[in-house]
Amino acid sequence: AHTRIVLDAATAAGARQAAVSGADTSLVQERIDTELRDGGVDPSRVHITIDPQVASWGEPIRVRLEVSEQASIPFLGTWSVPLSSEFVTRSEVTH
């Protein structure tokens, strides 16, 4: 549950930064990475999708984060559990 909460927080923060920037910029990536690290999730494990790369004022920007976690139950085994989070916002920048 912890990873899911961190993933949602990082996605929301990244979407907000993308709206203010109007594009997929280094600031967006830094904001997402900071939220992930602060929450104890290694950013190198997370796949980030931002679409489109540049958006004009009012156009939607989709930010999606995906990570795979391990679930384990003693005597039953361990398996991979895919987690994802997606936020859509609108660009606040006129390009």
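Conventions used here
Residues numbered from 1 in each chain as written. Predicted model: local features only at pLDDT ≥ 70, side-chain atom pairs only at ≥ 80, totals over all residues. Heavy atoms only, no water. Pairing = 2+ DSSP bridges. Helix = DSSP H or I, 4+ residues; strand = E, 2+ residues; numbered from the N terminus. Axes fitted to C-alpha atoms, helices over the stretch in contact; angles between N-to-C directions. Parallel < 35°, antiparallel > 145°, perpendicular 65-115°, else oblique. Left-handed = near helix turned anticlockwise from the far one by under 90°. Contact = heavy atoms within 4.5 Å.

Chemist: Is there a simple way to think about the pairing of strand S2 (residues 60-73) in this case?
Modeler: Residues in a regular strand point their side chains to alternate faces of the sheet. Taken together, the five bridges between strand S1 (residues 47-51) and S2 define a ladder with antiparallel strand orientation. Residue Asp51 lies in a different strand from S2, and its bridge partner there is Arg62. Pairing of S2 with strand S3 (residues 77-90) involves 14 bridges; the strand directions are antiparallel. Bridge assignment links Pro60 to a residue of S3, and that residue is Arg90. In this antiparallel pair of consecutive strands, S2 and S3, the connection spans three residues, and Phe75 shows a positive phi of 70 degrees.

Chemist: How should the packing of helix H1 (residues 2-21) against helix H2 (residues 26-38) be read in this particular structure?
Modeler: For any two helices packed against each other, one specifies the inter-axial angle together with the distance between the axes. Orientation of H1 relative to H2, taken along the N-to-C sense of each, is 160 degrees, at an axis distance of 8 Å. Here H1 is positioned roughly antiparallel relative to H2, judged by the angle of their axes. Relative to H2, the crossing made by H1 is right-handed. Judged by residue contacts, Val6, Leu7, Ala9, Ala10, Ala13, Gly14, Gln17, Ala18 and Ser21 of H1 engage Leu27, Val28, Arg31, Ile32, Glu35 and Leu36 from H2.

Any functional reading would require information that these geometric values do not contain.
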